[in-house]
Amino acid sequence: LEFKPDAPENRLKQMYFPYADGFVFQTYEQEEFYSYLTNIKKAVIPNPIDEIDVKPFHGERKKEIVNYCKHVKAKNIPLLIKSFAKLVKEYPEYKLVIYGDGPERKNTEKCIVEQGVQGSVILKPYAKNVLELVRESTMFVSSSNREGISNSMLEAMAIGLPTICTDCPAGGARMFIDPYRNGIIVPVNDPNALYEAMKYIINNPDKAENMSVNALAIKETLEKNKILHQWNCFLLNL
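Residues numbered from 1 in each chain as written. Predicted model: local features only at pLDDT ≥ 70, side-chain atom pairs only at ≥ 80, totals over all residues. Heavy atoms only, no water.

K.L.:
Pulling in residues and values, what's your account of the pattern of salt bridges?
P.N.:
Summed over the entire model, instances satisfying the criterion amount to 11 salt bridges. The salt bridge partner of Glu-29 is Arg-174, with a shortest N-O separation of 2.7 Å. Taken together, the residues span a long stretch of sequence, with Glu-29 in helix α2 (residues 28-33) and Arg-174 in helix α7 (residues 172-176) at a distance of 145 residues. Residue Asp-178 pairs with Arg-181 through a salt bridge whose shortest N-O separation is 3.2 Å. The class of Asp-178 is partly exposed, set by a relative accessible area of 38%. (Salt bridge = Lys/Arg side-chain N within 4 Å of Asp/Glu carboxyl O. Helix = DSSP H or I, 4+ residues; strand = E, 2+ residues; numbered from the N terminus. Buried < 20%, exposed > 50% of the residue type's maximum accessible area, 1.4 Å probe, protein only.)

K.L.:
Let's hear about the packing of helix α8 (residues 191-203) against helix α9 (residues 205-215): which residues, and what values?
P.N.:
Close contact between α8 and α9 brings their axes to 5 Å; oriented N to C, the two are set at 100 degrees. It follows that α8 is roughly perpendicular to α9 by the angle criterion. Of α9, the residues touching α8 (which contributes Tyr-200, Ile-201, Ile-202 and Asn-203) are Pro-205, Lys-207, Ala-208 and Met-211. Residue composition of the contact of α8 with α9, by class: six nonpolar, one polar and one charged. (Axes fitted to C-alpha atoms, helices over the stretch in contact; angles between N-to-C directions. Parallel < 35°, antiparallel > 145°, perpendicular 65-115°, else oblique. Contact = heavy atoms within 4.5 Å. Nonpolar A, V, L, I, M, F, W, Y, C, P; charged D, E, K, R; others polar.)

K.L.:
Can you explain the side chain of Ser-143? Please cite residues and give values.
P.N.:
Examined against the element boundaries, Ser-143 turns out to sit in the loop between β6 (137-142) and α6 (151-158). In this structure Ser-143 comes out as buried when scored by relative accessible area, which is 0%. Within the structure, the side chain of Ser-143 is placed 3.2 Å from the backbone oxygen of Lys-75, a separation counted as a polar contact. Contacts of Ser-143, omitting those with residues within four sequence positions, involve Asn-67, Lys-75, Asn-76, Ile-77, Leu-79, Leu-80, Thr-166 and Leu-194. (Polar contact = N/O pair within 3.5 Å; in protein donor to acceptor, adjacent residues only side chain to side chain.)

Right under this line is the structure:
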């Protein structure tokens, strides 16, 4: 759900949240939304990354662009398909592979037909071993309109998969992606910017590899014990 500032749900929050002892947010943008909580202790603590057994891939990558997510409107999968439809005209050897299920899957299928990319876009069901399946791909692309912090983005970075994400609310991508150092950020709902970013990854394999290597540091940044320590410190100081 997407609540506007004057939505009833947010008015209720304004009434009752000031009685809390403290708040923890995933992102700084989320914290800013609750700036009216001036006399309450607040902290920004992202979720940890679970241990991942999949090893980073180094070498010539498969000509695949991947996404794994639930088919819901917030993921804006049609944006990814539209951008890919432009890309595949120049790079017909590439495939877009999307793993996942959800209520918007029929609309995803419809968009594929409308864009005329039935032979180039492959829809696959959710897979528990999806990281193993995508580790050799050229890139991971998230086209969401909004996220907390995308777990798919973090996982892709953690296995060294060159990553492109939209700069969507609530600011999770910009917290962890340093543009063109460990990934690429593009504006929300901008098909041309997404197309250009994917094209950049394809045309600059050495730079993409550098982004891949740099992205691996996310595992240390969000290591479970480090995040638990942040929580403990916050709770002890309430």
